[in-house]
Each structure stands twice: as C-alpha cells, then as structure tokens.
Amino acid sequence: MPKPKTRKVLCDCGKRFIDSQSRSRHIRDSPLHQQPVTAAADTDATPALAGESDETQALSTGKEIESVGRLYTIKAIAGKGKGLVAATKILKGTRILSEVPMFRVPRDNSDIEALERIVAKEVECLNMDQQRTFFDLTNIYGNAHSRPLGIARTNVLPIGSKASSGGLFPEASRINHSCRHNSQNTWNENIGRLTIHALRDIEEGEEITITYLAITSEYTDRQRFLKEKFKFDCKCELCSLPRAQQKRSDARLREIQTIDSSIGDFFWGGLESERALHLLHKMFGLFETEDIWDGSISRAYKDAYDIAIESGDKPRARVFAERSYDARRVIEGDDSPVTMKMKRVAEGLSAEAQGLNGVDFENWLWMLPS
C-alpha cells in the first residue's frame, strides 16, 4: 500500500521542510532568523536592481561594505534606509558598479501563487551569505505577500526594456531615488550585467541616486506615482523647491513633454525638418535649465539624427550621431550595444567640414538664423 504523501511546510524565508518540527529547528538554528531585518516605515522603496557585483564579489550582511576601488560604501541614510554613498569623488561617465543578477523572475505575472513558488525556489538555491543579503533588502509590501515575494517585488527590475524577466541585484538595489538623479542604471546585454554610471561628477560623501521614473514629469504627477508604486513621499532636491520655483520647473517639464510629442509629427509628415530641429534645440535649453542629464539627452540627439537622415542631410546627421554616441558612452559605457551601434552609424557617415565653429556652427547645425 503506497505511503500517504506528506505536505511540505514552507518557512517565511522560502525554505521547505518535511514537517513543522524540522521548520522549528531551522528557525532556531539559522542566522537568518536570529536577527531578522525588516524595512523601516520611513524607508524609501528601492526598485533597484540587485546582484553580485563584479567589483566587490561580496554580499552585504547588514554591515557597511565598501567596493573594491573604494568608489562607494553602503550605509544607512536618514529617512531612506540603506543607500550608496560616494567614498571618493566620482567623475562623470565613470562606471560605478556592474552586477549580474542574483536570480531572475518573470515580469508581469499576475499569478501570485506561482510567483510565490518561483521566488521561494530561487531563494532556497542561494547560499547563506546570499540569503542574508536578500533578507536585508527592503520590503514595501508588508504582510501583503510572504517576505521573500515582498522583497522580490520591491527590488526586481527589468533586464532590458523589452525583457520578459526581471533580475534581483543585491548592491544596486540599495540605490535610492531622486527626481534629479546623478546616476543611470542600464542593462548591458553585451556583458550580461546591470551597470550604474555617473551622469555628472559626484562628490565624496554625496549619495548616489537613480530615478524610478520613466520620465521626469511635473511635481504632482511624480509624487502620485512614487507614492502609489513605491510607497514613499519624495523629498529630493527637485521636489523640495520653493513653490514659485516648483511652478516654473513644472512649466518647463511640461514643455519638454510637449516638444517630445511634437517631434513624432515630423515622421508623419506634419512637421518640417527645420521646425523640428528648432524645437529640439529649445528642448536642450530646457534640459540645461532643469539640470537634466540622462538618457533623454542621447534620445534627443538620436531624434535629430533621424530627422537629418530622413531629410538626406548627412553632414548634420554625422554630427548628431556623434553627439548621441558621446552621450551614450557616459550613460552606458563603450561596451553597450546601443553605444556601439551609434559609433558605427557615426563612422559610416562622411564628414563635411563647414568651416564654422562656436555659435556659428551651432546655428548651422540647428538651422537657426545667424
């Protein structure tokens, strides 16, 4: 007569046991349960990306750690939980860290029970140090899910813009949000790693930040999204502007979005190339005033390149391709697929000297009156 099947008991940490007594012994003996770490109520949720850093090959155990090369430390930040802080001055374009995923999970899966099983299995396969790192990450979902799933849903980010799975990256997941961020996170398919690059010079002691927003929209929209999605009120430099300055900033951000929408009209035949370039030139002025320096810069130059190519204007296309490439190098590095593609595009176009420089060159480039 076959033996009846026993129902395995699932622990809060994701491990399965044959019975409750085995689970109790595990809870008593495992360091994971001796000093449980839970997210503080005022902690910023970090949608960041976590994995095993190639620069540290070390995993956080709840103590402050420092990367090889001493670019950053992981430490507690008032009102934000843990975050990354520059241990030395980091120059614009520097690759701050590079990580492979600790594990991957499907994206946009509405079957919570299936996700519970997937995450529990992945956590069970981690070694003890990795599990300590995992359970030290923020969980913004409280008791809505099991602790492992709550941590995973808080910290897993897409592996590429069109990827069907997301990855958990233990160090980059510590990086907090700012609407005026100083770093960019990007998945690099060529090397199979998440990279973080400095968008501007970061001073020693300054917090390293990324954005959790797809676009930098006006204040009320940002606050609503961050509160609904990540459960915190943003108090970054941009969100803390005095009301009068905030209103002017909102107006500029709305204008950037309006211009961005208008550029699409060119490719549908509703906008002349000269007018499109004038609008993009204005957008760059708004970027500068708003201190925006991220993927928006490279994308805007790529739009200008596409407009020039569509118009058969190869000299201008070459300049815009070079500028898009230069921006991508800062944001993603030389080994990024997009960076390498823009480099090939720029090199494939012939350069025609205009005999101009400075303001005269910029006026020619953007088809502005002299």
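Here is what the cut-offs are and how they apply
Residues numbered from 1 in each chain as written. Predicted model: local features only at pLDDT ≥ 70, side-chain atom pairs only at ≥ 80, totals over all residues. Heavy atoms only, no water. Helix = DSSP H or I, 4+ residues; strand = E, 2+ residues; numbered from the N terminus. Contact = heavy atoms within 4.5 Å. Areas by Shrake-Rupley, 256 points an atom, 1.4 Å probe, with all protein chains shown as cover. Buried < 20%, exposed > 50% of the residue type's maximum accessible area, 1.4 Å probe, protein only. Pairing = 2+ DSSP bridges. pLDDT = per-residue confidence, 0-100. Axes fitted to C-alpha atoms, helices over the stretch in contact; angles between N-to-C directions. Parallel < 35°, antiparallel > 145°, perpendicular 65-115°, else oblique. Left-handed = near helix turned anticlockwise from the far one by under 90°. Nonpolar A, V, L, I, M, F, W, Y, C, P; charged D, E, K, R; others polar. Core = buried A, V, L, I, M, F, W, Y, C linked by side-chain atoms within 4.5 Å. Expected span 1.5 Å × (residues − 1). Phe/Tyr/Trp six-rings, centres within 6.5 Å; stacked < 30°, edge-to-face > 60°.

1. A few points about the overall build of the protein
So, point 1. Looking only at helices and strands, one finds 12 helices and 14 strands in the protein.
So, point 2. When contacts within the protein are restricted to residue pairs at least 6 apart in sequence, long-range pairs at least 24 apart make up 67% of them.
So, point 3. For the protein, the accessible surface area stands at approximately 18900 Å², while carbon and sulfur atoms represent 48% of it.

2. With respect to the pairing of strand β12 (residues 183-188)
So, point 1. In terms of residue burial, β12 counts as a mostly covered element, since 6 of its 6 residues are buried.
So, point 2. The two faces of β12 match: Ser183, Asn185 and Trp187 on one face and Gln184, Thr186 and Asn188 on the other face are all buried.
So, point 3. Where β12 and strand β13 (residues 193-198) come together, 6 bridges link them in antiparallel fashion. Note on β13: the bridge partner recorded for Trp187 is Leu194.
So, point 4. Hairpin remark: β12 followed by β13, antiparallel, with 4 residues in the connecting loop; positive phi at Gly192, about 65 degrees.

3. A look at the confidence of the model for the protein
So, point 1. Of the residues in the protein, 80% reach a pLDDT of 70 or more, and the chain-wide mean stands at 83.
So, point 2. Ranking the elements of the protein by mean pLDDT puts strand β3 (residues 51-53) last, at 32, and helix α8 (residues 273-290) first, at 97.
So, point 3. Per-residue pLDDT stays below 50 along residues 1-8; that stretch engages in 4 contacts with residues further than four places along the chain or on separate chains.
So, point 4. In the model, residues 30-68 has pLDDT below 50 throughout and makes 138 contacts with residues more than four positions away in sequence or in other chains.

4. Considering the environment of Asp265
So, point 1. With respect to the secondary-structure elements, Asp265 resides in helix α7 (residues 243-267).
So, point 2. The sequence separation of Asp265 and Ala276 amounts to 11 residues, and the corresponding C-alpha distance is 8.7 Å.
So, point 3. Those residues within four positions of Asp265 in sequence are excluded, and the remaining contacts are Gly270 and Leu271.

5. Brief notes about the sheet that holds strand β8 (residues 103-106)
So, point 1. Within the open sheet, the 3 strands sit side by side as β8-β10-β9. Their pairing is antiparallel. The sheet is open, and its two edges are formed by β8 and β9 (157-158), each paired on a single side.
So, point 2. For β8 and strand β10 (residues 165-168), the ladder comprises 4 bridges, and the chain directions are antiparallel. Each residue of the ladder has a partner; that of Pro106, found in β10, is Ser165.

6. Remarks on the packing of helix α10 (residues 314-332) against helix α11 (residues 337-347)
The packing of two helices is summarised by the inter-axis angle and the distance between the axes.
So, point 1. With their axes 8 Å apart at the nearest point, α10 and α11 run at an angle of 160 degrees to one another. Considered as vectors, α10 and α11 are oriented roughly antiparallel to each other. For the element pair α10 and α11, the recorded crossing hand is left-handed. Residues Arg318, Ala321, Glu322, Ser324, Tyr325, Arg328, Arg329 and Glu332 of α10 form the contact with α11, whose participating residues are Val338, Thr339, Met342, Lys343, Val345, Ala346 and Glu347.
So, point 2. By residue class, the composition of the contact of α10 with α11 is 6 nonpolar, 2 polar and 7 charged.

7. Some thoughts on unusual backbone geometry
So, point 1. Although it is not a glycine, Lys231 sits at a positive phi angle of roughly 65 degrees.
So, point 2. Inspection of the secondary structure puts Lys231 in the loop between α6 (219-230) and α7.
So, point 3. When its relative accessible area of 42% is taken as the criterion, Lys231 is described as partly exposed.
So, point 4. The backbone of Met367 shows a phi angle near 60 degrees, a positive value even though the residue is not glycine.
So, point 5. For Met367, the position within the fold is in the segment after α12 (358-365).
So, point 6. The exposure class assigned to Met367 is partly exposed, which follows from its relative accessible area of 22%.

8. Topic: the nonpolar core
So, point 1. Grouped together as the largest cluster of nonpolar side chains are 35 residues, with contacts concentrated most on Leu280, Phe287, Phe320 and Trp366.
So, point 2. Taken together, the elements giving at least two residues each to this core come down to α7, α8, α9 (295-310), α10, α11 and α12.
So, point 3. No other element matches α8, which puts 8 residues into this core.
So, point 4. In this structure, Trp366 is in contact with Leu277, His278, Leu280, His281, Phe284, Tyr301, Ala304, Phe320 and Arg323, ignoring residues within four places of it in sequence.

9. What about α10?
So, point 1. In this model α10 runs 26 Å from its N-terminal to its C-terminal C-alpha over 19 residues, within 8% of the 27 Å that 1.5 Å per residue would give.
So, point 2. By the criterion of burial, α10 is predominantly enclosed, with 14 of the 19 residues buried.
So, point 3. The first or second residue beyond α10 is Gly333, which carries a positive phi of 95 degrees.

10. Examining the packing of aromatic side chains
So, point 1. Scanning the model with the defined rule gives 12 aromatic pairs in all.
So, point 2. Measuring from ring centre to ring centre gives 6.0 Å for Phe225 and Phe230, while their planes differ by 75 degrees; the resulting arrangement is edge-to-face.
So, point 3. Note on Phe225: relative accessible area 36%, which makes it partly exposed.
So, point 4. Seen from their ring centres, Phe361 and Trp364 are 5.4 Å apart, and the 45 degrees between their planes marks the pair as tilted. Note that Phe361 and Trp364 are positioned in helix α12 at a spacing of 3 residues, about one turn of the helix.
So, point 5. A residue is classified by how much of its surface remains accessible, and Phe361, at 18% relative accessible area, is buried.
So, point 6. Exposure remark for Trp364: the relative accessible area of 18% places this residue in the buried category.
So, point 7. An aromatic cluster of at least three residues, connected via ring pairs, comprises Phe284, Phe287, Tyr301, Phe320 and Trp366.

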